[in-house]
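Single-letter residue listing:
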Amino acid sequence: MSDGHDAEYDDAPDDAPDDDGLLGVQDPAYDAGRRRGRRRRSLPGCLAVLIALAIIVGGFYVVVTWGIDKVRDQFDSAEDYPGPGRGNVTYQVVSGATAGSIGRDLKAAGVVASVDAFIEAANASPDWSDLQAGYFALKKEMAAADAVEVLVDPGNMVKDTVTVPEGLRVVDIVDILAKKTEYKKADFEKVLDNPGDLGLPSYAEGNPEGYLFPATYDFGPDATPKSMLTAMVTRWHQAAEDADLEAAAAELGYTPAELMTIASLVQAEGRGDDMPKIARVIYNRVENPDNGVTNGLLQVDASVNYALQRSTIAVLTQAEIDSVADSPYNTYTQVGLPPTPIEAPGDDAIEAAAHPADGSWLFYVTVNLRTGETKFTDDYQEFLGFKQELQEYCATQSDRC
């Protein structure tokens with residue numbers, strides 16, 4: 001059997017050195033019958049190896065230097081458009097976005113020519129650290145520096161700013177949204193007819209009254225009636241959490257829904273530091289129905305106005321009260337709380353309902369509707385005196401009554 005060597009070398013002495021691995025190249029110094037010495041490499045073969053190594057090493061150098069030059073060229077002169085651009089592109093800066101992520105988005109949208117140019121412009125801008133989330137109007141093929149200049153200025157945001165004041169009914173809120181956005185009342189009403197996806201608490205039982213939180217909202221250009229209304233309910237959840245609404249309700253012995261109803265009454269009837277006192281009056285009346293004075297009746301004019309389907313009027317006539325005598329919202333004829341909130345309470349009113357003041361008051365009267373001055377008492381005769389003050393005020397300030 002062959003041992004893997006050429007037959008020519010089979011007769012070599014046992015102590016002869018092995019060949020150098022260049023198969024097929026015989027040693028010319030070998031003399032038959034004499035001990036064979038180590039073969040020398042041929043000069044042409046060595047030259048060939050050296051030339052090959054030179055080509056390999058030289059090629060590597062060329063590749064490396066070419067790559068470095070390519071990277072250097074990119075950073076020395078990043079591709080950029082001259083501007084000013086064309087067309088319209090609305091871009092949303094999201095919270096936490098970086099110059100790199102924004103640059104990639106804008107390059108993909110055709111706004112800037114390269115990510116590197118945008119990053120360079122962002123790094124050069126002294127206002128980049130003040131970048132705010134929002135929607136911005138850009139153009140295609142803008143100079144990177146121009147795009148950065150637009151993004152760092154909050155005044156360039158594309159938005160519908162809508163302010164919803166405290167104390168409005170759902171119908172009033174819808175009116176404001178329709179006036180301040182491109183949508184019609186019917187678009188919002190359609191969503192409210194099926195409010196299951198708005199995020200209302202279960203105890204609202206699908207009724208958004210009182211849960212569209214009053215605040216200032218910046219709605220982006222892709223906002224829809226559903227997303228706007230959902231944002232308002234989400235903001236309500238924040239207010240409820242801040243007031244620890246559910247825990248407060250349990251401590252006071254009420255349901256969260258009842259606390260929201262009380263908060264809406266407080267919003268309609270009070271201002272500022274008087275809100276916790278008005279909340280206490282409501283609790284005192286509800287919890288002492290047999291006091292022989294109020295007999296469990298809240299006698300809140302704002303609730304009667306809700307039954308009359310109109311905005312709050314400070315002073316009701318007896319005829320107006322009688323016209324909705326059977327309404328569950330008529331707190332002059334129905335004992336206890338109305339069945340739902342009557343309007344949207346703000347932070348202060350929710351906080352007041354959750355944490356009412358301490359006191360034995362059963363009555364309050366706002367005797368000056370301009371300043372909001374309100375007086376409290378647990379004495380019926382003193383209460384009648386407060387009512388007289390209000391009547392005298394209204395005699396000279398009829399536009400407020």
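Please refer to the structure higher up on the page.
Residues numbered from 1 in each chain as written. Predicted model: local features only at pLDDT ≥ 70, side-chain atom pairs only at ≥ 80, totals over all residues. Heavy atoms only, no water.

Digging into helix H13 (residues 347–354)
- Of the residues making up H13, those classed as buried are Ala349, Ile350, Ala352, Ala353 and Ala354.
- Close packing links the buried residues of H13 with helix H7 (225–242), helix H8 (245–252), helix H9 (256–269) and helix H10 (275–287). (Buried < 20%, exposed > 50% of the residue type's maximum accessible area, 1.4 Å probe, protein only. Helix = DSSP H or I, 4+ residues; strand = E, 2+ residues; numbered from the N terminus. Contact = heavy atoms within 4.5 Å.)

Digging into the packing of aromatic side chains
- One pass over the full model with this rule turns up 13 aromatic pairs.
- Taking the centre distance of 5.8 Å and the plane angle of 55° together, the rings of Phe363 and Tyr380 count as tilted. Here Tyr380 lies in helix H14 (residues 380–396) and Phe363 lies in strand S5 (residues 363–368), a separation of 17 residues in the sequence.
- Exposure remark for Tyr380: the relative accessible area of 42% places this residue in the partly exposed category.
- Clustering of aromatic rings is evident, with ring pairs tying together Tyr203, Tyr211 and Trp236. (Phe/Tyr/Trp six-rings, centres within 6.5 Å; stacked < 30°, edge-to-face > 60°.)

Some details on a nonpolar patch on the surface
- Together, Val293, Tyr380 and Leu384 give the surface a local cluster of nonpolar side chains, amounting to about 250 Å² of exposed area.
- Here Val293 shows up in the loop between H10 and helix H11 (301–307). (Patch = residues over 30% accessible without salt bridge, like charges linked within 9 Å, V, L, I, M, F, W, Y side chains within 5 Å. Areas by Shrake-Rupley, 256 points an atom, 1.4 Å probe, with all protein chains shown as cover. Salt bridge = Lys/Arg side-chain N within 4 Å of Asp/Glu carboxyl O.)

Notes on the pattern of salt bridges
- Tallying each qualifying case throughout the model produces 8 salt bridges.
- Residues Lys185 and Asp175 are paired through a salt bridge, measuring 3.3 Å at the closest nitrogen-oxygen approach. Of this pair, Lys185 sits in helix H6 (residues 185–193) while Asp175 sits in helix H5 (residues 170–180), and the two are 10 residues apart along the sequence.

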